[in-house]
Amino acid sequence: MQQPQGGRPRAPRFFRSGNLASRVFERQLMSPRPGANVNTIRQFYENLVPSYTIYDIDCPDYSFRKFTDDGKYLVAFSRNHQDLIVYRPIWLTYSCNEKCNPHDLPPKAKKFDSFFKELYSMPLASSNEYICKDFFLYMECHQFGLFATSTAQSNDTSATEGAINGVPSIEKITFYLVRLEDGVILDEKAFCNDFINLAHSIGAYLYEDLLCIVSLRYQTIHILQIRDSGNLVEVRKIGAFCREDDELFLHSHVQTSRGGSFLPGIKQRLLSYIFRKTWTEVPDQTLRVQHLKKKFYFHFQDYVDLIIWKVSRSTDQNLAFFAVYNMETTDIVSLYQNSSEELYSLFQHFYDHFHANPQNSSHGKFISSHSNNFHALDQLHIIKNKASSSSQFVKKMMASLPYTCQSQSPSPYFDLSLFRYDEKILDLNKILTIKLISAIDRHRHCTEHPIKFMPVRQPNVVKFKIKPGSDSGTSDNRAKRISSFLFHPFFPLALSIQQTYMQPTVVNIHFRR
């Protein structure tokens, strides 16, 4: 062991004790490298893991959504999607008057309220509206929660004034800003006869105090500011108009446009960018005209027909583009087709810039990606090398853009520099990597076998296992079963939830005893 000048000895990287008390003792004797203190502390999670499971715990029949990123709240919804229920995580405490089994917990401790304290239950949706159970965004600095309710979707896709054909309509969509501490509704914002994709919070993005909501039916991006007082203030609309005074200018010159129609402002910006880019590609004046005819005018109607959409469906046979828009200058900065190698290179090396975590989040900054973790980058290279076509691989990767907001768990057990967990590749030709569990907030296919977590430094040692469903493991294999996992952002605590068609939901709690 080397003795650095002016400091305590540092532990060799290969030496990591499996005993928690020994690691605490080592921390007192050996100092981490400069700037590595937080990462060194996170390595304690290799010893602090869930070690005990309560199967099919006695709990309310609610739809549990997620933990907030600061770990202070667990958000749930009633089964009829009318009520919001918020819990405070508490650590298991119990006492026994009679003799206790040291290897098991008393029955009264095996209840949901031994781990979570209900703060309140409140109605959020009216009789003809339903809470979108997949939508929830959290503003950590103020402990505000953003929820959404909507009426049933209409099959009438006929276009009204300003709307586009083929997009369904919802009579009313309402966003509620709730103070999670006490359940007070601070403000709400309603959209009528519109369509916003609420599944997995796709249609909204929260960054610091700015909330972006995308109306697909009216092709409009609404920018709202969340004030410290809890008010939702609309500061800009991007769609038909790009600047605040565009509409006023147009109406004051309406006599010049009588009998004609205008393309939306955002579409005009797009066409202008494509034209200028095509114009500068060929320096020769004669050849430039032919180049414009071939590259711009020939595809002009295709560009005009483009609509704003979340590219979550298959785009193998569809023409799709990603545009970077500057809200201040109202200019399109760059445009990439979904098969662009240049965009994929940016995606690979600057992944973290495609989804911004709050600057004051102490846990979100440790979410693993292939731009900050070489283990994740190695997994990406394995998938790419097994792909049959580079172009199809790029399209598959780009289909995840733009990323949904707050969709990844900051739990240290998903930190790829600390742990590995089971995954399974089903179809290499389709480049489908089906993970039994991951940091991404999605439902998973159930498995009969427990999901194993192994430390990176000891890949042959199983630190803990997570098994959804009943302890017996007996189930009807013909029934479709899905599972979801809710990990606390820093406690060794997790919920596994298994749902089977026409059967009761099974909730397990995994924690450290």
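With an unreviewed UniProt entry as reference, the chain is termed Light-mediated development protein DET1, source organism Eragrostis curvula.

Draft legend 1. Region of the structure containing the side chain of Thr278. Mapping Thr278 onto the fold places it in helix α4 (residues 265-281). For Thr278, a relative accessible area of 6% gives the class buried. In this structure Thr278 touches His291, Leu292, Lys295 and Phe296, once residues within four positions along its chain are discounted.

Draft legend 2. Broad picture of the pattern of salt bridges. Taken as a whole, this structure holds 9 salt bridges when the rule is applied. Two residues, Asp134 and Lys133, come together in a salt bridge whose shortest N-O distance is 3.9 Å. Under the relative-accessibility criterion, Lys133 is labelled partly exposed at 32%. Between Lys277 and Glu281 there is a salt bridge, with the nearest N and O atoms lying 3.2 Å from each other. With Lys277 and Glu281 both in helix α4 and 4 residues apart, this pair spans about one turn of that helix.

Draft legend 3. Main features of the sheet that holds strand β21 (residues 444-445). Strand order in this open sheet of 5 strands is β1-β26-β25-β24-β21, and the pairing throughout is antiparallel. Every interior strand has two partners, whereas the edge strands, β1 (52-54) and β21, have only one. Pairing analysis gives 6 bridges linking strand β25 (residues 493-500) to strand β26 (residues 506-511), with the strands arranged antiparallel. Counterpart to Leu493 in the pairing with β26 is Phe511.

Draft legend 4. Looking closely at the pairing of strand β14 (residues 220-226). Counting buried positions along β14 yields 5 of 7 residues, so the element is predominantly enclosed. Two elements, strand β13 (residues 210-215) and β14, share 6 bridges in a ladder whose sense is antiparallel. Counterpart to Ile213 in the pairing with β14 is His222. Hairpin connection of β13 to β14: 4 residues between the antiparallel strands, including Gln219 at a positive phi of 50 degrees. Here β14 runs beside strand β15 (residues 232-238); their pairing, made up of 6 bridges, is antiparallel. Its bridge partner lying in β15, Ile221 is registered against Ile238.

Calculation notes
Residues numbered from 1 in each chain as written. Predicted model: local features only at pLDDT ≥ 70, side-chain atom pairs only at ≥ 80, totals over all residues. Heavy atoms only, no water. Helix = DSSP H or I, 4+ residues; strand = E, 2+ residues; numbered from the N terminus. Buried < 20%, exposed > 50% of the residue type's maximum accessible area, 1.4 Å probe, protein only. Contact = heavy atoms within 4.5 Å. Salt bridge = Lys/Arg side-chain N within 4 Å of Asp/Glu carboxyl O. Pairing = 2+ DSSP bridges.

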